[in-house]
Amino acid sequence: MYQTALKDKPLTEYVNEIKSRENYTTLDDINPVFINALIHSEDTRFYSHPGFDLISLTRAFVTNIKEGKKAEGGSTITQQLAKNMYFTFEKKYERKIAELLVALELEKNYSKDEIIELYVNIINFGEDCFGIKTASIHYFNKLPSELNSAEIDALVYTIKSPNNYNPNKLNLSFSN
């Protein structure tokens, strides 16, 4: 699965494709509070692990054994980026291993800041909003650098389940 994914579209080609998108947004153009909130919510050890977090993976494995099903993931931001780039969201161990191998390739070839920048430009925020700029304009009519704390919290919360938790779905009201 891993070899097929990278053979079909090499990592550098895919990264360049993402960076060439019209609404691609650099970290300099995103409110840093958003990045901090995202890391706190999705991957608190993002800057200290090598693309996978053994603590999170172990916790998820134990939880899944106790529950008797795949109840928890344990993916890092780098693994989520790999999944969003190359794989479906089906809960299979084969996909998880392929995702991990792509995450290691990402970590080997890109800095943490490049990885988080790619991630915020590819993730789904619901209502066909992929990427932070598209989402911030769609929901708040603002650029990512202009988001306030409440808007940041709403977008970070949206990542957990974009079709269920986006600001419009939750009928959140924000004054611009």
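Bringing the confidence of the model for the chain into the picture now. Low-pLDDT stretches of the model should not have their predicted coordinates read in fine detail. Per-chain confidence: the chain averages 88 in pLDDT, with 86% of residues scoring 70 or above. When pLDDT is averaged over each helix and strand of the chain, the minimum, 66, is found for helix 4 (residues 54-67) and the maximum, 98, for helix 7 (residues 112-120).

Of all hydrophobic cores here, the largest spans 43 residues; its most connected members are Phe34, Leu38, Met85, Tyr86, Leu106, Phe125 and Leu155. Counting only elements with at least two residues in this core, the list comes to helix 1 (2-8), helix 2 (11-19), helix 3 (32-42), helix 5 (77-86), helix 6 (93-109), helix 7, helix 8 (132-140) and helix 9 (149-158). Not counting chain neighbours up to four residues away, the residues in contact with Phe125 comprise Phe34, Val120, Gly131, Ile132, Ala135, Tyr139, Leu155, Thr158, Ile159, Pro162 and Asn166.

So, about the packing of helix 5 against helix 7. Interaxial distance between helix 5 and helix 7 falls to 10 Å at its minimum, and their mutual angle equals 50°. Here helix 5 lies oblique to helix 7, going by the angle between them. Crossing geometry of helix 5 relative to helix 7 is assigned as left-handed. Contacts between helix 5 and helix 7 involve Ile77, Thr78, Gln80, Leu81 and Asn84 on the former and, on the latter, Lys112, Ile115, Ile116, Leu118 and Tyr119.

Right, let's talk about the packing of helix 2 against helix 5 for a bit. Put simply, helix 2 and helix 5 touch, their axes get as near as 12 Å, and they point 90° apart. Classed by the angle they form, the pair helix 2 and helix 5 counts as roughly perpendicular. Across from Leu11, Tyr14, Val15 and Ile18 in helix 2, the residues of helix 5 making contact are Asn84, Met85 and Tyr86.

Think of it this way: side chains of opposite charge can pair up when their charged atoms draw near. Applying the stated criterion across every chain, the model contains eight salt bridges. With a shortest N-O distance of 3.2 Å, Lys160 and Glu42 are connected by a salt bridge. One end of the pair, Lys160, is in the loop between helix 9 and helix 10 (162-165); the other, Glu42, is in helix 3, with 118 residues separating them in the sequence. Glu42 sits in the buried class, given a relative accessible area of 15%. Here Glu99 ties to Lys96 by a salt bridge, and the two come within 3.4 Å at their closest N and O atoms. In this pair, Glu99 and Lys96 are both assigned in helix 6, three residues apart and thus about one turn of the helix distant. Looking at Glu99, the relative accessible area reads 0%, which means it is buried. For Lys96, a relative accessible area of 12% translates into the label buried. One salt-bridge network, held together by shared partners, links Lys9, Glu17 and Arg21.

Reading the values: rules and limits
- Residues numbered from 1 in each chain as written.
- Predicted model: local features only at pLDDT ≥ 70, side-chain atom pairs only at ≥ 80, totals over all residues.
- Heavy atoms only, no water.
- pLDDT = per-residue confidence, 0-100.
- Helix = DSSP H or I, 4+ residues; strand = E, 2+ residues; numbered from the N terminus.
- Core = buried A, V, L, I, M, F, W, Y, C linked by side-chain atoms within 4.5 Å.
- Buried < 20%, exposed > 50% of the residue type's maximum accessible area, 1.4 Å probe, protein only.
- Contact = heavy atoms within 4.5 Å.
- Axes fitted to C-alpha atoms, helices over the stretch in contact; angles between N-to-C directions.
- Parallel < 35°, antiparallel > 145°, perpendicular 65-115°, else oblique.
- Left-handed = near helix turned anticlockwise from the far one by under 90°.
- Salt bridge = Lys/Arg side-chain N within 4 Å of Asp/Glu carboxyl O.

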